[in-house]
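Survey of secondary and tertiary structure
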Amino acid sequence: MPTLIIAGLFAGAIGWQALTAHRHTTQIGGPYSLIDSANHPTTQARFAGRQTLIYFGYTHCLDVCPLTLATVAQAYTLLPPGTQRPVPLFITLDPERDRPEDIGVYTRRFSPEIIGLTGTAAQIDAVAKAFHVTSHVTVDPMAGHDRGDDGMGDYRIDHSSVLYLMDGQNHLQAILPADSSPATVAHNLAPYLAKR
């Protein structure tokens with residue numbers, strides 16, 4: 001297994017444990033104001049009355065993000081019949097590169113149900129802070145030499161990797177580890193789902 005995948009899964013497990021340990025003493029989540037792939041302003045009010053399943057990542061992620069989105073898409077096919085699925089949201093941590101159209105193309109690769117959200121750096125910083133997402137940008141100083149630029153456009157973002165299940169009023173219901181099988185994600189979601 002490549003080192004980056006191992007590191008990403010480890011970060012996800014650590015993030016899940018840390019958040020779970022503090023979920024009863026720390027406010028996790030809150031209002032947000034972002035932009036969807038059609039360039040429409042989007043707040044939590046758009047999903048009032050519906051559960052949401054939120055994941056933070058970015059479209060240039062090579063391993064953990066696509067694996068997680070694929071897992072969520074597969075898990076949704078395993079949810080109990082007659083239950084209402086949470087709206088899956090993918091919020092970028094890379095607003096500089098993830099424009100609305102980019103994030104739309106990316107999320108549709110996994111499922112038409114997944115709604116991609118981006119925004120300004122300030123908007124993304126605010127929502128990441130509200131959900132206690134940890135991230136760190138690492139720039140490869142040699143990456144741009146073959147292209148004749150300074151390489152600053154080629155970087156990765158190491159980030160916590162968990163799934164946040166929010167209720168119809170945008171309050172946290174559960175934090176689920178993202179490094180699970182589709183069957184495990186479906187099993188963990190099932191007790192929280194409302195009947196249609």
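Residues numbered from 1 in each chain as written. Predicted model: local features only at pLDDT ≥ 70, side-chain atom pairs only at ≥ 80, totals over all residues. Heavy atoms only, no water.

Looking only at helices and strands, the protein features 5 helices and 9 strands. Listing the helices and strands of the protein from first to last along the sequence gives α-β-β-β-α-β-α-β-α-β-β-β-β-α. Of all 196 residues assigned to the protein, the portion counted as buried reaches 45%. Residue pairs in contact within the protein that sit at least 24 positions apart in sequence constitute 73% of those at least 6 positions apart. Of the accessible surface of the protein, which amounts to about 10,000 Å², a share of 58% is contributed by carbon and sulfur atoms. (Helix = DSSP H or I, 4+ residues; strand = E, 2+ residues; numbered from the N terminus. Buried < 20%, exposed > 50% of the residue type's maximum accessible area, 1.4 Å probe, protein only. Contact = heavy atoms within 4.5 Å. Areas by Shrake-Rupley, 256 points an atom, 1.4 Å probe, with all protein chains shown as cover.)

We now examine the UniProt feature "binding site: Cu cation" (unreviewed entry) in the protein. Mapped onto this structure's residue numbering, the UniProt feature "binding site: Cu cation" (unreviewed entry) falls at C61, C65 and H159. Maximum C-alpha separation among the annotated residues is 10.2 Å over a sequence range of 99 residues, consistent with a single clustered spot. Along the chain, the position of C61 falls in the loop between β3 (52-57) and α2 (64-76). Excluding anything up to four places from it in sequence, C61 contacts P66, Y106 and H159. One can find H159 in strand β7 (residues 155-159). (UniProt positions renumbered as here; feature names shortened; annotations may be inferred.)

Moving on, we get to the packing of α2 against helix α5 (residues 182-189). Taken N-terminus to C-terminus, the directions of α2 and α5 make an angle of 60°; their axes are 8 Å apart at the nearest point. As far as their axial angle goes, α5 and α2 are oblique. As α2 runs across α5, the sense of the crossing is right-handed. Contacts from T71, Q74, A75 and Y76 of α2 reach α5 at P182, V185, A186 and L189. (Axes fitted to C-alpha atoms, helices over the stretch in contact; angles between N-to-C directions. Parallel < 35°, antiparallel > 145°, perpendicular 65-115°, else oblique. Left-handed = near helix turned anticlockwise from the far one by under 90°.)

Taken in spatial order, the 7 strands of this open sheet run β2-β1-β5-β4-β3-β8-β9, and their pairing is mixed. For this open sheet the edge positions go to β2 (41-43) and β9 (172-177), each flanked by a neighbour on one side alone. In this sheet, adjacent strand axes meet at a mean angle of 35° when their direction is disregarded. As defined by bridge partners, β3 adjoins strand β8 (residues 162-166) across 4 bridges and the pair is classed as antiparallel. Within the sheet, the bridge partner assigned to Y55 lies in β8 and is L163. Seen against the sheet, helix α3 (residues 100-108) touches β1 (33-36), β4 (87-92) and β5 (115-118) and runs at an angle of roughly 155° to β5. (Pairing = 2+ DSSP bridges.)

It is worth spelling out the pairing of β3 at this point. For β3, a buried count of 6 out of 6 residues is recorded, marking the element as mostly surrounded by other parts of the structure. Of the two faces of β3, the one holding T52, I54 and F56 and the one holding L53, Y55 and G57 are both buried throughout. Of the strand pairs in this sheet, β3 and β4 are connected by 6 bridges, and their pairing is parallel. By the bridge assignment, F56 is partnered in β4 with I91. The handedness of the β3 to β4 crossover, carried by α2, is right-handed. (Right-handed = clockwise from strand over helix to strand, strands pointing away.)

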